[in-house]
Amino acid sequence: MNDLLFSLRLTWRDWRAGELRLLVAALVVAIGAIASVGLFVDRMREALTLEARQLLGADLVVAADRELPEAWLARAREDGLRTAATVVFPSMVMGGGLPQLASVKAVSSGYPLRGAVRVADAPGAPDREAGAAPVRGEVWLDPQLVDALALKVGDAVRLGESEFRLSRVITLEPDRGAGFVNFAPRAMIALDDLPATKLVQPASRVSWRMLLAGEPAAVAAFEKWVGERLERGQKVESLDNGRPELGATLERAEQFLSLVALLSALIAAVAIALAARRFAERHLDGAAVLRSIGATHSRLVRLLLLELGWVALAGTVLGLATGWAVHYGLVWAIQPLIGVALPMPGIAPILQAGGAAIVLLLGFGAFPFLRLAGVPPLRVLRREVGAAPASAWGSAGLALAAFALLLFWFSGDRKLAAIAVGGFAGGALVFTGVSFAAVRLLEPVRHAGFVAGNPSIRLAFASWSRRRALTVAQTSALAVGLMALLLLTVTRNDLIDGWRAASPPDAPNRFVINIQPDQREPVLAEFAGAGIDPDLYPMIRGRLVSINGRQVGPDDFEGDRARRMLDREFNLSYSAERPGHNTLVEGAWFSGQAEVSVEQGIMGTLGLAMGDELGFDIAGEIVKAKVTSVRRVAWDSMKVNFFMILSPEALADKPQTLITAYHQPRVEGQAVDRKLVARFPNLTVFDTGNIVRQVQAMIDQVVQAVQVLFLLTLAAGIVVLWGALASSRDERVREAALMRALGASRRQLAGAQLIELAMGGALAGLLAAGGAIAIGWILAEQVFRFPFEPQWLVLPAGAAAGMLLALVAGWLSLRPVLSVPPLATLREA
C-alpha cells in the first residue's frame, strides 16, 4: 500500500512538472484513434452484416430440393424466430395470349424478413417499398415480363390452372440471388395460391426455402440445431454460397477495415516508444537520487511499473472518451453518404482499446522505464554516469512481440497479420540500416566547401552526425509511421480501383444463352448494330465422373456443396486464351494437350490437386483432361464465368451452344434484348440488372467507409508523429543554448533545424514509400486478391510528404527550443 500511494505521488509530481504530458498525450491519441476506428468499424461491420442479411431476405436461410419438415418450422417459432417461406421454380406465364418463360416465386406473408421488395405501377414508373407480400389472386411481374407480354396493371395473367390479376411491377427483389433460374423474369404470387396452380408436381424442379430472423443468439442456436439434421439436398445458405457476387466485396471490406485498425495501433506504438524514451532520459537523475537514499532495485522497478500503470489508466480513460466522441463525429459525417443505419457498437471495441493501451505501454514503453531502475547511485555525484546499456535486441524483441499480438488481435486474419508483422519488422531493420549508412556517408560532406561556407547547413550536418543514434532512431521511427500511412494510401487507392473495375457502371446486366454455333455471326452483327462488342463463350454440359481414373459420385464426398456438384452437370467451356477477368494463381495456360483449368474454390471443395486427371461424361462420351492451372474468378464482375475451362483440344468438337453477357444501356425505342429474341426465338435472355445494382450499391457504401476511415487514421498519424518529434526537444534545447553562447544567431540555428528536419523527413519518406509499395504488393496479391500496379511516383511523393510533415510537425513541436534563454539552460546543465 505504501508503494501504491508513493507511486501515485510520483505520478502526480511528474504530471505537474510536465514530464508525463507527452507520453499521456501519445497514449490518448493512440487509444482515441484505436477506439474511434474500432467503434466505427464495429458499427460499420454490423451495418454491412445487416445489409448482407437483407440481400438474403433473412438472417438465415435453409434451402432444399423438397418441402422442409414442419418440425423445423415449429422449432424455429419455439426459439422466438420470425419465419417466412418461398418456393421457386421455372414455368411458363401466359398473358395477352402470349407465353413467356418466367421464374415463379410463391412467398408467404411476412416475406421478406430483412430488406424490402420495391414495386411500381408500370415499367419505368417511380417505385416504392411494397410493404407486404402479394395477396391471394394477385401477381407481381418483372418489367421485362410486362413488356414482353404487352401487359398493364389490372390485366389477367395465367399461371398453370389459375388466373391472377397483375397488380404491381417489381423493381427490386433483395434476395434474388445469382442462379440461372433467377435470371429469368420473376413472377411473384402468394404461397397460398400455389396449390391451385398445380404447377408443382413430384418431378418438378423446385427450390424450397425457409427464411428466419431474430436475435443473433437464437439464430446461431437454430443454425447449429438444423445443421445437425441436414440431409442430402438440404443446406443452410450464407452470403458466401447464397450471394457469391457480393461475398468477395464484403470480405475485402472486412480485411481493409482490420488493416486500418491495426495500422492505427502501429502509429501509436511508434509515438509511445519515443515518448517513453524521452521520459526515461529526463528521469535518470531522479532515479539515481532514489537509489542513493536506499531504494532497492526491486522496489524501484515496482514503483516504475505502478507509475506506468497510472499513466495507462489515465491515458485509457481519456483516450476512450476521445475515441467515443470522434466516432460519433464519423457516424454523423458518413451515415448520410452510405444510406445505411449504423447500429450501436458492442463492448468489444472498448475492451480492445483498453487492452491495447496495456500492450502498447508494456511492449513499447516498459523497457525505457525499467532501465531507470538500473541507474547507479553514483550518478548523483557524476552526471556522466548513465543507466546500464540497453539491449537493442531485447527492446526490439519485446516491441515486435507486442506489435504481433496487436496485429493478430485486431486483424482477425492470420495471413494479413503475418504479412504486416513480417513487413514492418523487416522494414524497421532495413530503415535502421539505411539511416545509419546515410548518417555515416554524410559525415565527410560537412567538411565540403559548399557546406563549410554556410553556417546553417554546417550546423545541420554536424547535428545529424553528432546525434547519430538519435538521428537513426528518429528517422527509422518516422519512416515506420509514414510507411503505415502510405500503405493505407497505396492499398486504399488500389482497393477502390479494384472494386470499381470489378463492377463498373457498365458491368454486364444481360445474359444470353442457347446461341447456336451457326448463329454466331448474325448475333454478333445484331450486337454491332447496337454498338455492343460482347465476348461469346462456348458452353458444353458435362458431368464429372472420375478423378485419376477412379469413378466418383455424390456419396464419395462429405461436403454438401461437393455432393450437389457431383449430382448435376457442370457448365463447361473451352478457350485457347485465358479470359481477361480470370487470374491464374497456379500453373500455366494450355499447351496443346487435353487440359483443364479449375476455379480456386472448387479445387478445395472437391479436394483436387495440380496434375489430377478429371473425366467428364459429355453426351455419353468420356472426355479426360489434366488439371494444369488454377484460376481466381472475379464473381462480382457479372461477366461469364466457369468453374471448369478446358483446352480446345478436349472440347472443340463436342455439341455446344454459346453464351455471352453484355451491358444494355437505357435506349429509346426497342431494346437490344427484345430485338434479339424477336429475330432469334430460340435465344433466352436473362436480366441481371437488379443484381448489378445491388453489387454497385454495396461497393459504394464500402468505399465511403474506407475513405472516411483512411482520413481518420491519416489525421491520427499526423498528430502522433508530431508528438514523436518532440522526443529530442531537451537535447535540442541544450545544444541551441550552447551554440548561442558560442555566437550562433537565432536565425542560423532556426535554419539549421529546418534543414536537419527536411533531410530526416525526406529520407524517412523515401524509405517509407519503398516499404509501402513492397508490403502493398504482397497484400494485394495474397490478401485482397486484386491486380497490383506499382505507382512509382509514390517514391518522390513519399520523400516530399516526409519532408513536409517533418518540417510542419518539427516547427510545431520544436518552436519553443530557440525561445529558451541560453543562460537558464546552461545553469540547468
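Model, not experiment: these values are computed from the prediction. (Residues numbered from 1 in each chain as written. Predicted model: local features only at pLDDT ≥ 70, side-chain atom pairs only at ≥ 80, totals over all residues. Heavy atoms only, no water.)

Caption draft 1: Representation of the overall build of the chain. Within the chain, the regular secondary structure consists of 27 helices and 22 strands. Counting every position in the chain, which comprises 829 residues, the buried fraction comes to 53%. Of the contacts made within the chain by residues no fewer than 6 positions apart, 82% connect residues no fewer than 24 positions apart. In the structure as shown, the chain presents an accessible area of about 36,100 Å², 58% of it carried by carbon and sulfur atoms. (Helix = DSSP H or I, 4+ residues; strand = E, 2+ residues; numbered from the N terminus. Buried < 20%, exposed > 50% of the residue type's maximum accessible area, 1.4 Å probe, protein only. Contact = heavy atoms within 4.5 Å. Areas by Shrake-Rupley, 256 points an atom, 1.4 Å probe, with all protein chains shown as cover.)

Caption draft 2: Region of interest: the pairing of strand 10 (residues 207–213). Burial analysis of strand 10 places five of its seven residues in the buried class, which makes it a mostly covered element. When strand 1 (residues 60–64) meets strand 10, the two strands line up antiparallel, connected through five bridges. Bridging from a neighbouring strand, Leu-60 pairs with Leu-212 of strand 10. Relative to strand 10, strand 2 (residues 82–95) is paired through seven bridges, and the arrangement is antiparallel. For Thr-86, the partnering residue across the bridge sits in strand 10 and is Arg-209. (Pairing = 2+ DSSP bridges.)

Caption draft 3: Looking closely at the side chain of Lys-654. Following the sequence through the fold, Lys-654 ends up in the loop between helix 21 (648–651) and strand 21 (657–662). On the basis of relative accessibility, which here comes to 9%, the residue Lys-654 falls in the buried class.

Caption draft 4: Region of the structure containing the nonpolar core. Counting residues in each nonpolar core, the largest one holds 85 residues, and the members touching the most others are Leu-23, Ile-272, Leu-360, Leu-361, Phe-364, Phe-424 and Leu-779. The biggest single contributor to this core is helix 25 (residues 746–784), with 13 residues. Beyond its immediate stretch of four places on either side in the chain, Leu-23 contacts Ile-272, Ala-275, Ala-276, Val-311, Leu-361 and Phe-369. (Core = buried A, V, L, I, M, F, W, Y, C linked by side-chain atoms within 4.5 Å.)

Caption draft 5: Fine view of the packing of helix 3 (residues 70–78) against helix 7 (residues 216–227). Remark: helix 3 packs on helix 7, axes separated minimally by 10 Å, with the N-to-C direction vectors making an angle of 155 degrees. When the axis of helix 3 is compared with that of helix 7, the two are roughly antiparallel. Classified by chirality, the crossing of helix 7 by helix 3 is right-handed. Contacts from Trp-72, Arg-75 and Ala-76 in helix 3 reach Phe-222, Trp-225 and Val-226 in helix 7. The class makeup of the residues in the contact of helix 3 with helix 7 is five nonpolar, no polar and one charged. (Axes fitted to C-alpha atoms, helices over the stretch in contact; angles between N-to-C directions. Parallel < 35°, antiparallel > 145°, perpendicular 65-115°, else oblique. Left-handed = near helix turned anticlockwise from the far one by under 90°. Nonpolar A, V, L, I, M, F, W, Y, C, P; charged D, E, K, R; others polar.)

Caption draft 6: View of a nonpolar patch on the surface. On the surface, Leu-305, Ile-358, Leu-362 and Leu-370 cluster together to form a nonpolar patch covering roughly 320 Å² of accessible area. No other element matches the three residues that helix 12 (residues 348–371) contributes to the nonpolar patch. Among the structural elements, Ile-358 can be located in helix 12. (Patch = residues over 30% accessible without salt bridge, like charges linked within 9 Å, V, L, I, M, F, W, Y side chains within 5 Å. Salt bridge = Lys/Arg side-chain N within 4 Å of Asp/Glu carboxyl O.)

Caption draft 7: The arrangement of unusual backbone geometry in detail. Residue Pro-112 follows Tyr-111 across a cis peptide bond; omega there is -15 degrees. In this fold, Pro-112 is placed in the loop between strand 3 (98–107) and strand 4 (118–120). Although it is not a glycine, Lys-198 adopts a positive phi angle of roughly 55 degrees. Mapped onto the secondary structure, Lys-198 falls in the loop between helix 6 (194–197) and strand 10. Unlike most non-glycine residues, Asn-548 shows phi in positive territory, near 55 degrees. Note that Asn-548 resides in the loop between strand 13 (536–547) and strand 14 (550–551).

Caption draft 8: Region of interest: the packing of aromatic side chains. Applying the stated criterion across every chain yields a total of four aromatic pairs. Ring geometry for Phe-527 versus Tyr-662: centroids 4.9 Å apart, planes at 65 degrees, classification edge-to-face. Taken together, the positions of Phe-527 in helix 18 (residues 520–529) and Tyr-662 in strand 21 put the pair 135 residues apart, joining distant regions of the chain. Phe-527 sits in the buried class, given a relative accessible area of 0%. The class for Tyr-662 is buried, based on a relative accessible area of 2%. Their ring planes at 35 degrees and their centres at 4.4 Å tell us that Trp-589 and Phe-590 sit as a pair that is tilted. Residue Trp-589 is classed as buried on the basis of its relative accessible area, which comes to 15%. We classify Phe-590 as buried; its relative accessible area is 14%. (Phe/Tyr/Trp six-rings, centres within 6.5 Å; stacked < 30°, edge-to-face > 60°.)

Caption draft 9: The environment of Val-490, seen in detail. With respect to the helices and strands, the residue Val-490 is situated in helix 17 (residues 468–502). Note: C-alpha distance between Val-490 and Trp-777 (287 residues apart in sequence) is 9.1 Å. Setting aside anything within four residues of it in sequence, one finds Val-490 in contact with Phe-788 and Val-794.

Caption draft 10: Quick peek at the pattern of salt bridges. For the structure shown, the criterion picks out 17 salt bridges. Its salt-bridge partner being Asp-59, residue Arg-114 comes within 2.8 Å of it at the nearest N-O pair. Taken together, the residues Arg-114 in the loop between strand 3 and strand 4 and Asp-59 in the loop between helix 2 (21–56) and strand 1 connect sequence positions 55 residues apart. Asp-59 gets classed as buried once you look at its relative accessible area, which sits at 12%. Among the ionic pairs, Arg-186 bridges to Glu-173, the shortest N-O distance being 2.9 Å. Remark: Glu-173 occurs in the loop between strand 8 (162–172) and helix 5 (180–183) and Arg-186 occurs in strand 9 (residues 186–190); sequence separation between them is 13 residues. Of the two residues, Arg-186 and Glu-173, neither departs from the other in class, the shared state being buried. If you follow the salt bridges from partner to partner, you end up with Asp-65, Arg-66 and Glu-231 in one network.

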